[in-house]
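Structural overview for review
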Amino acid sequence: AKSAELWRREGPAHPPDEPRRADVARRRRGKASTRRSVEAAPRRGSTRPTTASQRVARSRGDGAARLDPRATMSQITEHRLEEVELWGVDQAREALLTVLHTILFCRAPGPFKPETIFLDHFELAYARVGSRSVIETVDRACDALLSPGHLTPAGPELLKGTVVLSFFERIRSKALFGILKNEEKRVWEQWTLPILISTTPRPLGDDDPSRLERSRADADADRLLRARIGDVHRLVNGPLDHVPDSIYEFEIFAGGDPSADRKPRR
């Protein structure tokens, strides 16, 4: 219809039944490009998922494909570890430090000085990023969770709490003709670690039942902590498509309801 309208408006420069070779070649190229576009486009109603790498935006200049940041950050990769049952606040603090520093060590975006820490309540050691700011941030989060009022009752002589570690990227954009700048914090990965703390007094006697009870509790806590560390290594060595190439930051939410921090702030 459009070609016929052009013919009527501008008038044919040659008889309609004898089109020029250039027009024929142009129409053939148009049909070929249209056919390729139809073949490349997903079929309507297809259930095949669309990945972030497929959602690209083409620049108007050179036609190079670029990833759309809104598509790559539209979802958060969440890892919820299984609950760890511990005996007392001191044991719980060491377990939290071990898991949090292990995650941060594996997700560190650049070169750093590693440190090895040996635990007092477990037959374990972990590696951490030797940055004073990282160490202080993790210490404050653990102290906040284990401080009075942050843990909630979970049963007779049982307390529970949750720590959420979030990795996010700051994206700066300009608005109002470039006069004002807007900053968005987009979370791309979250780790949730629930803990259960027993407040039952630890048996301190030298009799066989007391030693057996201490040994059993320590062995159970050691087994659970080793399992969580194994889960962390398995997950960080999984798919890395969601990890940004730029420098990113982290924050830790301790105690209460973490659902408010689960979604990126837009």
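Because the structure is a prediction, the values reported are computed rather than measured. (Residues numbered from 1 in each chain as written. Predicted model: local features only at pLDDT ≥ 70, side-chain atom pairs only at ≥ 80, totals over all residues. Heavy atoms only, no water.)

1. Focus: the overall build of the protein
- Along the backbone of the protein there are 6 helices and 10 strands.
- Buried residues in the protein amount to 33% of all 266 residues.
- Here the analysis covers contacts within the protein between residues at least 6 apart in sequence; of these, 71% occur between residues at least 24 apart.
- Here the protein has roughly 17900 Å² of accessible surface; of this, 52% comes from carbon and sulfur atoms. (Helix = DSSP H or I, 4+ residues; strand = E, 2+ residues; numbered from the N terminus. Buried < 20%, exposed > 50% of the residue type's maximum accessible area, 1.4 Å probe, protein only. Contact = heavy atoms within 4.5 Å. Areas by Shrake-Rupley, 256 points an atom, 1.4 Å probe, with all protein chains shown as cover.)

2. Here we look at the confidence of the model for the protein
- Mean pLDDT for the protein: 74, with 66% of residues reaching 70 or above.
- Note that residues 31-73 has pLDDT below 50 and, in this model, 30 contacts with residues that lie over four places away or in other chains.
- Low confidence marks residues 257-266, where pLDDT is under 50. Its contacts with residues over four positions away, or in another chain, come to 20 contacts. (pLDDT = per-residue confidence, 0-100.)

3. Quick notes on the packing of aromatic side chains
- Considering all chains together, one arrives at 4 aromatic pairs under this definition.
- The interplanar angle of 75 degrees and the centroid separation of 4.8 Å between the aromatic rings of Trp188 and Tyr248 together place this pair among those described as edge-to-face. A residue pair is termed long-range when its members are at least 10 positions apart, and Trp188 in strand S9 (residues 180-198) and Tyr248 in the loop between helix H6 (208-236) and strand S10 (249-254) qualify at 60 residues. With respect to burial, Trp188 and Tyr248 carry one shared label: buried.
- Clustering of aromatic rings is evident, with ring pairs tying together Phe167, Trp188 and Tyr248. (Phe/Tyr/Trp six-rings, centres within 6.5 Å; stacked < 30°, edge-to-face > 60°.)

4. Side note on the pattern of salt bridges
- Scanning the entire structure with this criterion turns up 17 salt bridges.
- Where Lys185 meets Glu251, a salt bridge forms, and the shortest distance between an N and an O atom there is 3.2 Å. Residue Lys185 is located in strand S9, and its partner Glu251 is located in strand S10; the two are separated by 66 residues in the primary sequence.
- Of the charged contacts in the structure, one is a salt bridge between Arg234 and Asp231, with a shortest N-O distance of 3.8 Å. On the criterion of helical spacing, the pair formed by Arg234 and Asp231 is a turn pair, its members being 3 residues apart in helix H6.
- Judged by its relative accessible area of 18%, Asp231 is buried.
- Through salt bridges that share partners, Glu82, Arg228, Asp231 and Arg234 make up one connected network. (Salt bridge = Lys/Arg side-chain N within 4 Å of Asp/Glu carboxyl O.)

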